[in-house]
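# Remarks on the overall topology
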Amino acid sequence: YGDPSQKIDYVFKVVLIGDSAVGKSQILARFARNEFSLDSKATIGVEFQTRTLVIEHKSVKAQIWDTAGQERYRAVTSAYYRGAVGAMLVYDITKRQTFDHIPRWLDELRGHADKNIVIILIGNKSDLENQRAVPAEDAKEFAQKEGLFFLETSALESTNVETAFLTVLTEIFNFVN
Ligand code: GDP
Ligand code: MG
C-alpha cells in the first residue's frame, strides 16, 4: 500500500457520489485500507483518504473523497467537486431507486466538474446476486450511451474494487501524459 517516503509524481482527486447506503464508504475503505465493515456508520464530515500506487513507473497518489452524508439532492457542495479529475458514480444493484437516481447525479456532476473528468458507473453489492434489482445490461447500456466506464463491484468480497480505481486512475494518467 505504498512507501510513504517515495516521491509523488501525480496527485489525482477522485470523488465518490451516489445515494446513501450504496456502499461508497466501504468501497473507499476497501481500496484505501483493505477493510470492510457491515455496520458502517453514516459518514460524518467531508473526508478523503489516499493511497499511492505506481502506474507506468510513476507514483500516483489517489486522493479519494467521500461524501459527508450529503447524499440528498443538491446537498453536495461545489467544493467537493472542485479539482476532481475522476468520479465514481455508485448505485446498489439490489435497490432499483439508487440506479434510477444516477442520471440526476450525473447531471449534478457534469454541472460542477471539469468537462474532461473521467467517470465510472459502479453497481455495488454484486455479492447479493439473489437480491438483484438492476440487470447489468441496463447499466451497461446507460454507461455506453453516456460515455462512462462501467463495472459491478463488491466491497464485501473485494470484487473489482481495485480494477474500478485502476480503470479511472489509468485513464486520467493517460490523459495527462
Ligand atoms: P454509503 O452511505 O454509500 O457510504 O454506504 P456504506 O459504505 O456506509 O454502506 C452501506 C451499507 O451497505 C453498510 O451496511 C455496508 O456494510 C453495506 N455494504 C457496502 N458495500 C457492500 C457490498 O459490497 N456488499 C454488501 N453485501 N454490503 C455492502
Ligand atoms: Mg458513506
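For the structure, see preceding data.
The paragraphs below set out a description of the structure included in this document. This one's a predicted model, so the numbers in the text were calculated from it and none came from an experiment. (Residues numbered from 1 in each chain as written. Chains lettered and ligands numbered in written order. Predicted model: local features only at pLDDT ≥ 70, side-chain atom pairs only at ≥ 80, totals over all residues.)

## Considering the sheet that holds strand S1 (residues 10-17)
- Strand order in the open sheet formed by six strands is S2-S3-S1-S4-S5-S6, and the pairing between neighbours is mixed. The open sheet has two edge strands, strand S2 (47-55) and strand S6 (149-153), and neither has a second partner. Here the strands of the sheet are splayed against their neighbours by 25° on average, with no regard to which way each runs.
- Bridging between S1 and strand S4 (residues 86-92) involves four bridges; their strand directions are parallel. (Pairing = 2+ DSSP bridges. Helix = DSSP H or I, 4+ residues; strand = E, 2+ residues; numbered from the N terminus. Axes fitted to C-alpha atoms, helices over the stretch in contact; angles between N-to-C directions.)

## Details of the pairing of strand S3 (residues 58-66)
- Both S1 and S3 contribute to a ladder of six bridges, which runs parallel. Residue pairing across strands places Val 14 opposite Ile 64, the latter belonging to S3.
- Across nine bridges, the pairing between S2 and S3 is antiparallel. When the sheet's bridge partners are listed, Leu 53 is paired in S3 with Val 60.
- If you look at the hairpin formed by S2 and S3, you'll find two residues sitting between the two strands, and Glu 56 has a positive phi there, around 45°.

## Things to note about the site of ligand 1
- Close contacts around ligand 1 come from 19 residues, with Gly 23, Lys 24, Ser 25, Gln 26 and Leu 156 the closest.
- No other element matches the three residues that helix H1 (residues 24-33) contributes to the shell around ligand 1. (Near = placed C-beta within 6 Å.)

## Looking at the pairing of strand S5 (residues 118-124)
- Extensive coverage of S5 is indicated by the burial of seven of its seven residues.
- Every second residue of S5 is oriented toward a common face, with Val 118, Ile 120, Ile 122 and Asn 124 on one face and Ile 119, Leu 121 and Gly 123 on the other, all of them buried.
- The pairing of S4 with S5 spans seven bridges and is parallel. Looking across to S5, one finds that Met 88 is bridged to Ile 120. (Buried ≥ 20, exposed ≤ 12 C-beta atoms within 10 Å, placed from the backbone.)

## Digging into the environment of Gln 144
- Topologically, Gln 144 is positioned in helix H5 (residues 136-146).
- Here Gln 144 falls in the exposed class, since 10 other C-beta atoms lie within 10 Å of it.
- For Gln 144 and Pro 103, which are 41 residues apart along the polypeptide, the C-alpha to C-alpha distance reads 13 Å.

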